[in-house]
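Summary of the model geometry
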Amino acid sequence: MTRVTVANIESGQQSVLLHQAYILAAALGIVTVADLLPPLRESSLEEGPKVTLSKQTFAEQEGAQVAELVSNVLGALFPSQRSDRDR
């Protein structure tokens, strides 16, 4: 990871990509990437997870596949948040 990338992440001009999170965790001696994340607030658990996909990144069909995959994973992790139509 370059110094420019780190500076851009620190200044908020660039998001941290998944592979960069693994690099940062390894550099910090952290075993799991999840330890880089702040603890969930109780209100966050009640509201359920929120995920936004950028339409610019995916073709329509790819975006639909990713959205379905994310929905299935989140539904498995947070079954109480699923609506009746998703069950």
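Our subject is the structure listed above.
In this report, we go over the structure that sits alongside the text. Predicted model, so just to flag it, every value in this text is computed and none were measured. Numbers given to residues run from 1 along each chain, matching the order in which its sequence is written. Where local features are concerned, this predicted model is filtered to residues with pLDDT of at least 70; where side-chain atom pairs are given and counted, the filter is 80 or more; whole-chain, interface and lining totals use all residues. Based on all heavy atoms of the structure, the side-chain values leave hydrogens and waters out of the count.

1. Looking at the overall build of the chain
Worth spelling out the cut-off: Numbering of helices and strands runs from the N terminus, with a helix taken as a DSSP run of H or I at least four residues long and a strand as a DSSP run of E at least two residues long. For each residue, the accessible area found with a 1.4 Å probe, counting protein chains only, is set against the maximum for its type, and the residue is called buried under 20%, exposed over 50%, and partly exposed in between. In this description, contact between two residues means that some pair of their heavy atoms is separated by no more than 4.5 Å. Note on areas: Shrake-Rupley, 1.4 Å probe, and residue coverage restricted to the protein chains presented here.
Summing up its helical and strand segments, the chain has four helices and zero strands in all. Along the chain, helices (α) and strands (β) appear in the sequence α-α-α-α when read from the amino end. The buried share of the chain, taken over its 87 residues, is 10%. Within the chain, counting contacts between residues at least 6 apart in sequence, those at least 24 apart form 22% of the total. Accessible surface for the chain amounts to roughly 7,400 Å². Of this, 56% is attributable to carbon and sulfur atoms.

2. Some details on helix α2 (residues 18-28)
The condition is simple: Along the arc lie the directions from the helix axis toward the C-beta atoms.
Among the residues of α2, Gln-20, Ala-21 and Ala-25 are the ones counted as buried. Seen from one end, α2 has its buried residues packed into an arc of 140°, which puts them on one side. Exposed and facing more than 90 degrees away from the buried side of α2 are Tyr-22, Ala-26 and Ala-27. Check the buried side of α2 and you find it contacts α1 (3-11). Once α2 ends, the next one or two residues include Gly-29, with phi positive near 75°.

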